[in-house]
Amino acid sequence: MSRMTRVGMHEAKTHLSKLVERAEGGEDIVITRRGEPAVRLVPARQGDGFASLAGAWEGRVRIGDDFDELPDELAESLGMEP
C-alpha cells in the first residue's frame, strides 16, 4: 500500500515537478488548501478513456448485412408499421 503525503498549496506550487515524480512512483499526494484536502495528485494512465478503445474489436466482430433491418414482429411490437 502506498503512503499518503499531504502538501500545502504553496509547497505544491514550489515543488510541483518533484511531487509529480513522486506520484508517478506510486506515492499518494494530497494537496491541501488551508489545511483541508483539496485535490489528489495521481499519475495519468496511458490508454485510459474512450479514445483508447478505437479499433479494439477490429477483425474480431462482424456486423451482418441485415443489421439495419427491423424484423416485422419487432416493428409491430413497437407500434411501428412493418
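Residues numbered from 1 in each chain as written. Predicted model: local features only at pLDDT ≥ 70, side-chain atom pairs only at ≥ 80, totals over all residues. Heavy atoms only, no water.

Asks: Teacher, can you tell me more about a nonpolar patch on the surface here?
Replies: Taken together, Trp 57, Val 61, Ile 63 and Phe 67 make up a surface patch of nonpolar side chains, about 510 Å² in accessible area. Within the fold, Trp 57 resides in the loop between strand E3 (36–41) and helix H3 (72–77). (Patch = residues over 30% accessible without salt bridge, like charges linked within 9 Å, V, L, I, M, F, W, Y side chains within 5 Å. Areas by Shrake-Rupley, 256 points an atom, 1.4 Å probe, with all protein chains shown as cover. Salt bridge = Lys/Arg side-chain N within 4 Å of Asp/Glu carboxyl O. Helix = DSSP H or I, 4+ residues; strand = E, 2+ residues; numbered from the N terminus.)

Asks: Got a minute to help me understand the packing of aromatic side chains in this structure?
Replies: This model, assessed by the stated rule, comprises zero aromatic pairs. In this arrangement the basic side chain of Arg 60 is found over the ring face of Trp 57, its NZ or CZ atom lying 4.6 Å from the centre. (Phe/Tyr/Trp six-rings, centres within 6.5 Å; stacked < 30°, edge-to-face > 60°. Lys NZ or Arg CZ within 6 Å of the ring centre and 35° of its normal.)

Asks: Hey, could you run me through the side chain of Glu 27 in this one?
Replies: Here Glu 27 lies in the loop between helix H2 (16–24) and strand E2 (28–33). A polar atom in the side chain of Glu 27 sits 2.3 Å from the side chain of Thr 5. Polar contacts involving the side chain of Glu 27 include one to the side chain of Arg 22, which spans 2.8 Å. (Polar contact = N/O pair within 3.5 Å; in protein donor to acceptor, adjacent residues only side chain to side chain.)

Asks: Honestly, the pattern of salt bridges in this entry has me stumped. Any pointers?
Replies: As a working rule, side chains carrying opposite charge can pair if their charged atoms are close by. Counting across every chain of the model gives two salt bridges. For Arg 22, the salt bridge identified is with Glu 27, shortest N-O distance 2.8 Å. Residue Arg 22 is classed as partly exposed on the basis of its relative accessible area of 31%. Residue classification places Glu 27 among the buried positions, given a relative accessible area of 14%. The partner of Arg 40 in a salt bridge is Asp 28, and the shortest N-O contact between them spans 2.7 Å. Here Arg 40 is found in strand E3, whereas its partner Asp 28 is found in strand E2, with twelve residues between them in sequence. (Buried < 20%, exposed > 50% of the residue type's maximum accessible area, 1.4 Å probe, protein only.)

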